[in-house]
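Topology and contacts: notes
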Amino acid sequence: MFRQLIHRPIAVVMVLIAVIVLGLSAVNMLPVSLVPDIDIPQITVQVSSPNMSARELNESVVAPLRQQLVQVSGLSDITTETKDGNGLITMVFDYDTDADYLFVEVNEKIDRSMNSLPEGTERPKVIKASATDIPAFYVNITVSGEDNFKPVDNIYTVSPKFLEMSNFSTQVIVRRIEQLSDVAMVDVSGTVSPEILVIPDSDKLKALGITEQELETAIQGADVRLGNLTIRDGEYQYNVRFESGILGKSDIEDVYIKLDGRVYQVKELAEVHEHSRQRGGMVLSDNKPAVTLAVIKRSEAKMADLKESMNELLDSFVTDYPTMEFTVTRDQTELLEYSIHNMIKNIIWGAVFACLIIFFFMRDFRSPLLVVVTIPTALIVSFLLFYVIGITINIISLSGLVLGLGMMVDNSIITIDNITRLWNSGKKLEEACVSGAREVFMPMLSSVLTTCAVFLPLIFLSGISGALFYDQAMAVTITLFSALAVSVVVIPVFYYMFYKKQSGFTPNKFISRMGIGDMTRGYDKILKWFFRRRWIMWSALVVAILGTGVLFAVVDKEKLPELSHNDSLLSISWNERIPAEENSKRCGEIVGYLSDYLEQSTIMAGVQQFMLSHTEETSISEAIIYVKTASTKEIEQVEERAGKYIRERYPNAVFEAKPSGNLFDMIFSEKESILAVRIRSTDGSAPDPVALNELLTEIKLSLPQVDIQPVEWQEHIELVARPEMLALYGVSYQVLLSELKKSLNDNPVLTITQGANSVPVIIGSNKSEIKELLDNHDVRVDGVDISLEALLGETRNRDLKSITSGPEGEYYHLGLELNNREVPGAISAITGVVQNDPRFEVSFSGSYFSNREMIKELCLVLMISILLLFFILAAQFESLIQPLIIMFELIADIFGAIFVLWILGESINLMSLIGIVVMCGIVINDSILKVDTINRLRSEGLSLKHAIFEAGGRRLKAIIMTSLTTILAIAPFLVRGNMGSDLQYPLSLALISGMVVGTFVSVFFLPLAYYEIYKGGTGKGRK
């Protein structure tokens, strides 16, 4: 086959061009995203009931729903969190379950539960999580020239311009963005809606003998739409329409009431105000009132296309709507562009390094050109296969390409070096090309299989880890097989074409003068020195075995390495019953305090209006502040200063700073605390906030080094009806409820339509304080006015602000961020404190435990990979002993990788373990070639020692060259400072350190091990 290809170079070139054209077309069609598009096996159920407290909502709605949903098949965990007005049920499923089927089943369970829930309960929203549900970016819209937010006493006060802008944003801006083909939807928060408030003049109504009920009836009666009446006049037909509906504030003011022969208008009996509805939350962009839009990308769309189309649209917005300002924040496309640019840059640098290495070691200008041809070709073929099997271009798949690049160059170097060696030995160029490719094909195929054998098991990791790294494993596999095909098909043909006019391989004289010549000089002397001191090898092996076990126990273990970021989310719970305006005021003060460090800020104070669960649910007295700085160092200062400011000004507040989250972060990073403490009441009742604070104080005394936040609680004011007073005055509960709704502005009498908005008309009051409401609102019974204060009593109690439940029932969650070494001591201390308090019991969870499970699973994958290696090598060498020689090398390599991680303060995490797994597959390739060469030389009649030294000399240059190219291809990831590099840093560190040790072992210790096993035997030694 190889000989036929060499004699048909034009056919090979034409086929190659066709494949390149197809590959380039596939690249243009491949979707580009930050991470693979995967369905997360998680479903969230959002419960909303604005008029219910957390306790009432939990007991009447959330708990019954949890009892039904716990029966859903495939459920691995279910937790609920309930706050005033809203609740969230999070369901986590086994990863191999069908997310679409689960979505249907959860909806069916909820439908069946609706009849048992309180009357009027809004149907909960069911959301199936997906990577593409995470916003590509947010767009903040503010009024041009609007001043910074200034808190006001009136909770309804919103500038007319902002009210107009809010309505325009939802009706025009959102629709224009959603018309883009790359946008799935736009999620909105921070909008305000209008309402019409009718405030009766109580004194005037009393004087005229008009009740509020009559006023209400008159307004309702005026909103009449009779439809059309058809009248025929001969051969003509006419439509007569009667229109007497209410369309706005002026229509309400002009409504007539006739009493005792006199006609009154509503504007004479009441004040009519049109303003914004009372808000439970708001959004501020750089301290200006804003509407924020979360733009969700379609799963099949390219992020770059979305960014381009959005930039064009925003440019047109700036021109078309000069009274509005648009600010893009939390832009995931910047991260994608930077990460992919970084990956491409590393691939280019890897190719450049490979060419330089070949240039200096082969001492020839044409050999690097072969690499220049083969690397892009193999990459384009890989992209074509990406398209065929449905892999997108993302950080995970591109990192697989980078990892495969080293092996891609290795195959090219091995083929070029072997052809050159045979040509220099006296064979004709044609025969050297054919034999050179044929000789290395099987060892290289074995190397590819062994690399795939250690990498493919990664896709069998449980949960989302396996799903995400499916792309990386497949990318490496595709790249390796593409590189193998190009190396044995394209390189011999092009080598023959490049050198067919030369009589022999002639090194460049200039490079030869630089002293880079025969790589075997001194190698025989060093190897002989080791042969005389073989005890060094066995001692080093024992140290490696023992050291690996000790280091694995000592080195910290976590799921992911720490990722750099220059933006954060400051999550604040004020632990006080404050309105949205006060909440925003405090957040504005914090942003002002930090303004010298900030490039951009977004305040989301109180309840947000987002439909999807990409943003943390907050109550009216909680806030999330997004802050962005110029550098990682500055964001650390911002987090520290914000925490200090809040602790000094608001000691009861609970503060947490965390990365703002990107697509990879949100899906894959650790969401739970290092140690999650679950404290429950022993009698099954709800944990009491006062008792919990006493317990946390004791825990704090036993763990003084740990930051333990106070219990988040809130004080409830309950208005309790007095039955004896209701009976005395003859007031029914229905009448009392109606009057309370009026006094609290919760008594809509009708709804009018203004364009796409529904505007409620409310009979209410302009009072805001509870006492003021009770004192100034009366119930009229038989002509007698009775104060609400006489019919109602007031009580106060404390309860948890957020009620958390799991399969074991209700508990208080205490999250502790500790060093892994501190966790066992913390568990012991907390258990001792809780055991001394008969009111509580405790259990523990958290990433400390889940990380260890993940590490165990990865170690199992590594063991399976090594077994696969053994079986593949045993099949290739037809021996059960020779694979053990290579297995010995892996022990030393793994020890070297973990030792470097320990020295540099890195943890054993998912990425570093993947680096070790990849290293195991790559580093043995040189050893496979060396053992194969020794076997071939022994079969030709050479003695054992002669074959070992000859094989070492033949493969020395190729081993050093391939090791250097692999190391240099990965080396750019050792520069940290962005998410892509931070993520790959421990992987690269483990891989490079293992490769350095593995190269030394392959060059010197493997020959010693081979000799030790076969020194007493004869022949090839295949036993």
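The present account deals with the structure reproduced in this document. Nothing here was measured: the structure is a model prediction, and the numbers come from that model. (Residues numbered from 1 in each chain as written. Predicted model: local features only at pLDDT ≥ 70, side-chain atom pairs only at ≥ 80, totals over all residues. Heavy atoms only, no water.)

As a further point, take the packing of helix H28 (residues 847–877) against helix H29 (residues 882–903). Direction vectors running N to C along H28 and H29 enclose 145°, while the axes themselves pass 8 Å from each other. H29 is crossed by H28, and the crossing has right-handed handedness. Mapping the contact onto sequence places Leu862, Ile866, Leu869, Phe870, Leu873, Ala874 and Phe877 in H28 and Gln882, Pro883, Leu884, Ile886, Met887, Leu890 and Ile894 in H29. Per-class residue counts for the contact of H28 with H29 are 13 nonpolar, one polar and no charged. (Axes fitted to C-alpha atoms, helices over the stretch in contact; angles between N-to-C directions. Helix = DSSP H or I, 4+ residues; strand = E, 2+ residues; numbered from the N terminus. Left-handed = near helix turned anticlockwise from the far one by under 90°. Contact = heavy atoms within 4.5 Å. Nonpolar A, V, L, I, M, F, W, Y, C, P; charged D, E, K, R; others polar.)

This part takes up the pattern of salt bridges. Taken as a whole and judged by the stated rule, the model has 15 salt bridges. Taking the shortest distance from any N to any O, the salt bridge between Glu325 and Lys288 comes out at 3.9 Å. Separated by 37 residues along the polypeptide, Glu325 in strand E15 (residues 324–329) and Lys288 in strand E14 (residues 288–297) bring together distant segments of the chain. Taken together, the shared-partner salt bridges connect Glu81, Lys83 and Glu622 into one network. (Salt bridge = Lys/Arg side-chain N within 4 Å of Asp/Glu carboxyl O.)

Take the side chain of Lys83 next. Secondary-structure assignment places Lys83 in strand E2 (residues 75–83). Using a relative accessible area of 6% as the deciding quantity, one classes Lys83 as buried. One polar contact links Lys83 to Glu622, side chain to side chain, over a distance of 2.7 Å. Apart from the residues lying within four places of it in its own chain, the contact partners of Lys83 are Ala54, Leu57, Glu617, Thr618, Ser619, Glu622, Lys801 and Ser802. (Buried < 20%, exposed > 50% of the residue type's maximum accessible area, 1.4 Å probe, protein only. Polar contact = N/O pair within 3.5 Å; in protein donor to acceptor, adjacent residues only side chain to side chain.)

This part takes up the packing of aromatic side chains. The geometry of an aromatic ring pair is captured by two quantities: the separation of the ring centres and the angle between the planes. Per the counting criterion, the structure on display carries 23 aromatic pairs. Ring plane angle 75° and centroid distance 6.2 Å describe the contact between Trp423 and Tyr495, whose orientation is recorded as edge-to-face. Highlighted residues: Trp423 in helix H13 (residues 395–424) and Tyr495 in helix H15 (residues 463–499), separated in sequence by 72 residues. By the ring-pair criterion, three or more aromatic residues cluster together here, those being Trp529, Phe530, Phe1000, Phe1004 and Phe1005. (Phe/Tyr/Trp six-rings, centres within 6.5 Å; stacked < 30°, edge-to-face > 60°.)

Judged by side-chain charge, Asp305, Glu308, Glu312 and Asp315 come together as a negatively charged surface patch. Position of Asp305 among the secondary structure elements: in helix H10 (residues 303–320). Take Asp305: its relative accessible area is 36%, and that puts it in the partly exposed class. (Patch = residues over 30% accessible without salt bridge, like charges linked within 9 Å, V, L, I, M, F, W, Y side chains within 5 Å. Areas by Shrake-Rupley, 256 points an atom, 1.4 Å probe, with all protein chains shown as cover. Lys, Arg positive; Asp, Glu negative; His and termini not counted. Charge placed at Lys NZ, Arg CZ, Asp CG, Glu CD.)

Turning next to the packing of helix H3 (residues 54–69) against helix H4 (residues 99–113). Direction vectors running N to C along H3 and H4 enclose 130°, while the axes themselves pass 10 Å from each other. Between H3 and H4, the interaxial angle falls into the category oblique. For the element pair H3 and H4, the recorded crossing hand is right-handed. Two secondary-structure elements touch here, H3 through Leu65, Gln68 and Leu69 and H4 through Val106, Lys109, Ile110 and Ser113. Of the residues in the contact of H3 with H4, the class split is four nonpolar, two polar and one charged. (Parallel < 35°, antiparallel > 145°, perpendicular 65-115°, else oblique.)

Turning our eyes to something else, we now look at the environment of Lys125. The residue Lys125 is located in strand E4 (residues 125–130) in this model. Sequence-wise, Lys125 and Thr44 are 81 residues apart; in three dimensions their C-alpha atoms are separated by 8.2 Å. Those residues in contact with Lys125 that sit more than four places away from it in its chain are Thr44, Val45, Gln46 and Met611.

With that settled, the discussion passes to helix H31 (residues 944–970). Helix length check: H31, at 27 residues, gives a terminal C-alpha distance of 37 Å against a target of 39 Å (1.5 Å per residue), a fit within 8%. Roughly 45° is the biggest bend found in H31, and it falls at Arg955. (Expected span 1.5 Å × (residues − 1). Bend = angle between axes of the 7 residues up to and from the residue.)

As for its placement among the helices and strands, Asn140 is situated in strand E5 (residues 137–143). Of the polar contacts made by the side chain of Asn140, one reaches the side chain of Thr602; its length is 2.9 Å. Asn140 has contacts with Ser285, Val291, Thr292, Glu325, Phe326, Thr327, Thr329, Gln600 and Thr602, leaving out every residue within four places of it along the chain.

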